[in-house]
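Take a look at the letters that make up each chain.
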Protein chains: 2
Amino acid sequence: MSKEFNIAIVGATGAVGVEFLRIIQERKLPVKHLILLASARSVGKEFLFQGSTIQVQELTHESFSGVDIALFSAGSSISKEYALSAISAGAVVVDNSSAFRMDNEVPLVVPEINASDILKHRGIIANPNCTTAICVMALYPLHLEFGLKRVFASSYQAVSGTGAKAISELGGQIEAITKGEAIKKEVYPHQIAFNVLPHVDSFLASGYTKEEMKLQNEGRKIMHLPDFQASITCVRVPVYRAHSAAVTAEFEQPVDLDRARAAIERFPGVCLRDDVSQNLYPTPLDVSGTDDCQVGRLRKDCVLENGLSFWVVGDQLLKGAALNAVQIAEKLLQL
Amino acid sequence: MSKEFNIAIVGATGAVGVEFLRIIQERKLPVKHLILLASARSVGKEFLFQGSTIQVQELTHESFSGVDIALFSAGSSISKEYALSAISAGAVVVDNSSAFRMDNEVPLVVPEINASDILKHRGIIANPNCTTAICVMALYPLHLEFGLKRVFASSYQAVSGTGAKAISELGGQIEAITKGEAIKKEVYPHQIAFNVLPHVDSFLASGYTKEEMKLQNEGRKIMHLPDFQASITCVRVPVYRAHSAAVTAEFEQPVDLDRARAAIERFPGVCLRDDVSQNLYPTPLDVSGTDDCQVGRLRKDCVLENGLSFWVVGDQLLKGAALNAVQIAEKLLQL
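Residues numbered from 1 in each chain as written. Chains lettered and ligands numbered in written order. Predicted model: local features only at pLDDT ≥ 70, side-chain atom pairs only at ≥ 80, totals over all residues. Heavy atoms only, no water.

Asker: Account for the pattern of salt bridges, with residues named and values stated.
Answerer: The full count for this structure, using the stated rule, is 36 salt bridges over all chains. For E211(A), the salt bridge identified is with K214(A), shortest N-O distance 3.5 Å. On the criterion of helical spacing, the pair formed by E211(A) and K214(A) is a turn pair, its members being 3 residues apart in helix α6 (residues 210-223). A salt bridge links E112(B) to K319(B), with the nearest nitrogen and oxygen atoms 2.6 Å apart. Residue E112(B) is found in helix α3 (residues 111-114), and its partner K319(B) is found in helix α9 (residues 318-334); the two are separated by 207 residues along the sequence. The same class applies to E112(B) and to K319(B), which are both buried. Sharing partners across several salt bridges, the network here consists of E19(A), R22(A), E26(A), R241(A) and D315(A). (Salt bridge = Lys/Arg side-chain N within 4 Å of Asp/Glu carboxyl O. Helix = DSSP H or I, 4+ residues; strand = E, 2+ residues; numbered from the N terminus. Buried < 20%, exposed > 50% of the residue type's maximum accessible area, 1.4 Å probe, protein only.)

Asker: Describe in detail the confidence of the model for chain A, supporting the description with residues and values.
Answerer: The predicted coordinates of low-pLDDT regions are not to be read in fine detail. Here chain A averages 97 in pLDDT, and 99% of its residues register 70 or above. Predicted complex metrics record ipTM = 0.96 and pTM = 0.96. (pLDDT = per-residue confidence, 0-100.)

Asker: Now, about the packing of aromatic side chains: what can you tell me, with residues and values included?
Answerer: Per the counting criterion, the structure on display carries 14 aromatic pairs over all chains. Plain terms: the ring middles of Y240(A) and F194(B) are 4.7 Å apart, the flat faces sit at 40 degrees to each other, and that makes the pair tilted. Separated into two different chains, Y240(A) in the loop between β10 (229-233) and β11 (243-251) and F194(B) in the loop between α5 (164-179) and α6 (210-223) make up a pair that spans both. Among the aromatic side chains, those forming a connected cluster through ring pairs are Y156(A), W311(A), Y156(B) and W311(B). (Phe/Tyr/Trp six-rings, centres within 6.5 Å; stacked < 30°, edge-to-face > 60°.)

Asker: An account of the interface of chain B and chain A is requested, with residue identities and associated values reported.
Answerer: With 54 residues of chain B at the contact, the number on the chain A side is 54 residues. Buried area between chain B and chain A, both sides added, is near 4,700 Å², and the carbon and sulfur share of it is 63%. Our count for the contact surface shared by chain B and chain A stands at 4 salt bridges. Across the salt bridge formed by E212(B) and R299(A), the nearest N and O atoms sit 3.9 Å from each other. For the pair chain B and chain A, the interface holds 29 residue pairs in polar contact (both at pLDDT 80 or more). Residue contributions to the side of chain B that touches chain A peak at 6 residues, all from strand β9 (residues 148-156) of chain B. (Contact = heavy atoms within 4.5 Å. Buried area = accessible area lost by both parts, 1.4 Å probe. Polar contact = N/O pair within 3.5 Å; in protein donor to acceptor, adjacent residues only side chain to side chain.)

Asker: For empty space enclosed by the protein, give the residues involved together with the corresponding values.
Answerer: Unoccupied space between atoms shows up once a probe the size of one water molecule is rolled over them. Considering all chains together, one arrives at 2 cavities of 30 Å³ or more under this definition. What lines the largest cavity is a set of 19 residues, among which A153(A), S154(A), F152(B), A153(B) and S154(B) lie closest to the centre. Listing elements by their share of the lining of the largest cavity, those giving two or more residues are β9 (148-156), β10 and β11 of chain A together with β9, β10 (229-233) and β11 (243-251) of chain B. Residues of the lining of the largest cavity, tallied by class, amount to 10 nonpolar, 9 polar and no charged. Looking at the second largest cavity, its volume works out to about 30 Å³. Around the second largest cavity, the lining residues are N129(B), T131(B), T132(B), E211(B), L215(B), I232(B) and C234(B). Secondary-structure elements contributing two or more residues to the lining of the second largest cavity are α4 (130-146) and α6 of chain B. Residues that form the lining of the second largest cavity fall into these classes: 3 nonpolar, 3 polar and 1 charged. (1 Å grid on protein atoms, 1.4 Å probe; cavity = no way out; pocket = protein on both sides within 12 Å on 5 of 7 lines; lining within 4 Å. Points joined across faces, edges and corners; volume = space filled by probe spheres on them. Nonpolar A, V, L, I, M, F, W, Y, C, P; charged D, E, K, R; others polar.)

What follows is the structure in structure tokens.
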């Protein structure tokens, strides 16, 4: 690869897409040309990038000529349809969808945890599920210290995890309720304003959702822990941005709170916000827009012998999506 | 006791107090006189009861003359200060605060589970913590079937659990944000609108909150299970009414989904709302104002050998507070 690179963003107008644009500028990626791709109805929309205006182009199989890295965030079906065209044109795909994550040929990467897996790529590198990425940022440093066995967790997931339309739906419902008007439900099957829904992604025959199985399945692959077990209930909450999770984790070895705190503090990309005497713990509102995941409410679990319980929050559009993908792109550019 | 009874409500103007009033009428308790008691600043407020207007009186140590049953819901310190005066005057106290719940002399009762404990009372019967009451309504029928050992849980608690001021705080914050004005924080240490706070009740040295330890401590006492273990993270969410919990429960015996469903369906006070193919699961918005707790998302746990995971929602002002207390009062009136 040359010293400046052509980067394409697929899904440029989505909630994650606009974060790609911002983060690429913020982190000063060596970009020669930035190509913004989306569906036909977004063609012509303009975004400012490094002082120039870039128009959104329609995504086609011919969009990837000369592209070095294509950042995909437009859903699984788009990734499945266009990733091969990007690879054929010589690009490396960093895919934010779930399309290829569990493919044995595709590395699934959180750079702080398994950056070296990038070396094994054959054209596609997958970006993990947002809740999974945020949880493993807390779990992995604890694993290094105590040996992770299994977790029981519950999530509190923001509407922006669903996308830009869901942000509008929450805002629209709040406005309608304030005015005493009927609410509109187009994205979620039930009202999300002033409500919580134990329903993220579609249901499997087991009664779990696809989203819920990602923590175990993707967690095993990212952390290189084939026996890792995770049971989670994923819940949508009326929060605009940043996902939270309450996690109880069981370890091989006895846990020590001071060592646990130190392990989290020295791990890159995650920080402690944990002084309950000062009411200090992470909240999604505080974490929104910040790169690092935050861990609080760290305590020895009262049920499990070698257990720790904690609360972890991360901006799912950043570490859970765009930031992690751009970090993968940065590693690729260094190869 | 005579055929008609004098009932006093302590904390008559609070979020739970107004539910007491409504439920006593709805369930047609044989009330001769209803005495509404609150602090001095609420004196003179009027409520309609069975077609007559009742004025709120100031709570004093002399308020309980002739009272048969005193329903307390004005916080622990009020209960501690005035319960003895009520008992001395000949009343039986049904106390919604945490003041006496773990007192060995005081029965802690969910009538569907341990009504016979009422017989042991010495003047006070305690009403359980709201989240605990809702969780045990799902756990106890499953315990009867499979033998309950321990649970891992997370709660999604509505602001009305904190009281009437917290309802105003959420509404006021939403209004301020809509208008682009600064929000006010008086009840919660952080913004609750569009946010979630892993903080319900005060923190203990262990890192758990008092609220979080209630599920284990009160659960043991209500279910007569001295070895029951529970690890929960209690979280406040921007929902007006009804508490939800995601629960993973481990049992002595192998679990069977059909038997689990049947056990919940035949238990009084709790019902199944569980057909994910139709997006049917309980939500706090749907459960608000309804007496029965609802269970959904029932599934064999993917981590625990004899485990079930589920989602339970209950109106914490009803089964979690006023309804349960009135049910206890009904049992007392039948003695």
